[in-house]
Amino acid sequence: MPGIMDAWLLQQFSSQVAVASPISANNPRKPKLALSDLPTGFREVPRPINSLIRGAIASTMQNHFSSNAIQIGDLTTYMNLDQWTLIIGFITPLDNQEAVHIFDLGLEQPAALETFATGIKKSNHFLGSVNIVEKKVVPALSNQVGQSSTGMTITANAKQISLFSEMVAFRRNNFGAMLIIGRLHDRIPATTTFKLAQKFDSNLLNF
């Protein structure tokens, strides 16, 4: 999982932030998490950082699912530097029943929670020792999201910095999806992750 402390890198590229393309008949909306789905104040992460995040996620996904059937598609990353918040969403097309089965198995606990915790440590390794303070499955984050789902939270400390992360992974028909929200210093506002996961799920359902 990508490090939310990549925010200092984001500042270096903040002047190169991409502008979201308008939706039109020639540019139909994809099922991905869109900038328009987010609260005000967010903008797209620059491509160089987006590429680093994609690499970190791809490595973690491959280790967790142990299958080439799980591929990352439509990765979107958004930042709000005023709130030190990073939002990541991506989908993975599940082209056959085997891929669906593998993805659903990957949502089961405790393996998914351990993978999430390991990803948080690895992605923030440049901070030195990252200590997981609390990690838990939170069914309320993913309640009625997708046809199979899991939600979890992690709190960690590194160099007197508090890291808060929430994740919802779910499947809707032949799409797997993952939403990750990371924030420094302050806890993620209640219901934020759940409501955004519902919106993400709606995008897939209506696609």
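Quantities reported herein were computed from a predicted structural model and do not represent experimental measurements.

A. Geometry of unusual backbone geometry. With phi around 50°, Trp84 is a residue other than glycine that occupies positive phi space. Phi angles above zero are rare outside glycine, and Lys159 is one such case at about 50°. In this fold, Lys159 is placed in the loop between β5 (148-158) and β6 (161-172).

B. How the structure looks around the packing of aromatic side chains. According to the stated counting rule, one finds 2 aromatic pairs in the structure shown. Aromatic pair Phe170 and Phe200: ring centres 5.7 Å apart, planes at 90°, arrangement edge-to-face. Of the two residues, Phe170 sits in strand β6 while Phe200 sits in helix α6 (residues 192-205), which places them 30 residues apart along the sequence. The pair formed by Phe170 and Phe200 is uniform in burial state, with each residue classed as buried. Look at Phe175 and Phe207: their rings are 5.9 Å apart centre to centre, the planes differ by 70°, and that puts the pair in the edge-to-face class. Separated by 32 residues along the polypeptide, Phe175 in strand β7 (residues 175-184) and Phe207 in the segment after α6 bring together distant segments of the chain. Taking relative accessible area as the criterion, Phe175 reaches 19% and is therefore assigned buried. We classify Phe207 as exposed; its relative accessible area is 58%.

C. Quick look at the pairing of β5. Extensive coverage of β5 is indicated by the burial of 9 of its 11 residues. Alignment of strand β4 (residues 131-137) against β5, held across 6 bridges, turns out to be antiparallel. Along β5, the bridge assignment pairs Ile132 with Ala156. Across 11 bridges, β5 lies against β6 in antiparallel orientation. If you follow Ser148 over to β6, its bridge partner there is Arg171. As consecutive antiparallel partners, β5 and β6 are separated by 2 residues, and within that stretch Lys159 has a phi angle of approximately 50°, a positive value.

The rules behind these values
Starting from 1, residues in each chain are numbered consecutively following that chain's sequence as written. Local features in this predicted model are restricted to residues whose pLDDT is 70 or higher, and side-chain atom pairs enter the listing and the counts only when it is 80 or higher, whereas totals over whole chains, interfaces and linings include all residues. In computing side-chain values, all of the structure's heavy atoms are included and hydrogens and water are not. Numbered from the N terminus, helices here are DSSP runs of H or I no shorter than four residues, and strands are runs of E no shorter than two. Between the rings of Phe, Tyr and Trp (Trp by its six-membered ring), a pair exists once the centres lie within 6.5 Å; its type follows the angle of the planes, with under 30 degrees stacked, over 60 edge-to-face, and the other angles tilted. Residue exposure (1.4 Å probe, protein chains only): buried if accessible area is under 20% of the type maximum, exposed if over 50%, otherwise partly exposed. Paired strands, in this sense, are two strands between which DSSP finds at least two bridges.

Function-wise, these values are silent; they only describe arrangement.
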